[in-house]
Amino acid sequence: MALMAYKDRKTAQIAARILSIGDGTLNIVKLMKLLYLVDREALSSVHRPLTGDRMVSMPHGPVLSRTYEACQGVGNGAAGGWNSWIADRANHLISLREGVTANREALDELSDLDIAMIDKVWNQFGGMNKWDLVAYTHNHCAEWVDPCGSSAKIDYETVLRAVGKSDDQAREIAREIEAENFLDATFARI
């Protein structure tokens, strides 16, 4: 299994963008589903995830593993990362940290294309409540499998097939992503 090139700061800025569109606070389940759908959209559109996070099936649908842990308060995160943008979870709600502005200038890790994908996902799914999103991901994300109370890894190749790529395309794109993740992780340790 290749090492993941998780991008804490970029993931935090994606969450901040979603939260700012959603008036600053969202239920954790809803935010987790929207973040997953953003990475899924990126895989479909540009053949690369935005977050570099590990995708997993959980009982309430697919999630981004390290991002979910960050929402649970696990790990300190990198400087300028999750904890700099997102407040501690309270009553199943996630919000922007007090004083954080998620305007275009502040979101320096996000390209215009990244923001367009985030906004596309919000426009399509932002009006759904958490349970509508859980049902949607169960019924429309073919890569999700019921992990029977646990979690199960979702690989990029499976997601790429689920979004309509041929077996050959999915295999090749997944290989490229894994190779890039390995190089990113290797150079991050140097």
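To be clear, the structure that these remarks concern was listed above.
Residues numbered from 1 in each chain as written. Predicted model: local features only at pLDDT ≥ 70, side-chain atom pairs only at ≥ 80, totals over all residues. Heavy atoms only, no water.

A.B. asks: Tell me about the environment of histidine 138, and name the residues and values.
C.D. replies: Here histidine 138 lies in helix H6 (residues 130–140). Spatially, the C-alpha atom of histidine 138 lies 22 Å from that of aspartate 119, the residues being 19 residues apart in sequence. Look past the residues within four positions of histidine 138 in its chain and what remains in contact with it is Pro59, His60, Gly61 and Trp144. (Helix = DSSP H or I, 4+ residues; strand = E, 2+ residues; numbered from the N terminus. Contact = heavy atoms within 4.5 Å.)

A.B. asks: Before we move on, could you go through the sheet that holds strand S5 (residues 152–154) and cite the residues and values that matter?
C.D. replies: Within the open sheet, the three strands sit side by side as S3-S2-S5. Their pairing is antiparallel. Among the strands making up the open sheet, the edge pair consists of strand S3 (61–64) and S5. In this sheet, adjacent strand axes meet at a mean angle of 40° when their direction is disregarded. Sheet analysis places strand S2 (residues 55–58) next to S3, joined by four bridges and oriented antiparallel. Along S3, the bridge assignment pairs methionine 58 with glycine 61. Helix H2 (residues 28–46) rests against S2, S3 and S5 of the sheet, and its axis sits at about 80° to S3. (Pairing = 2+ DSSP bridges. Axes fitted to C-alpha atoms, helices over the stretch in contact; angles between N-to-C directions.)

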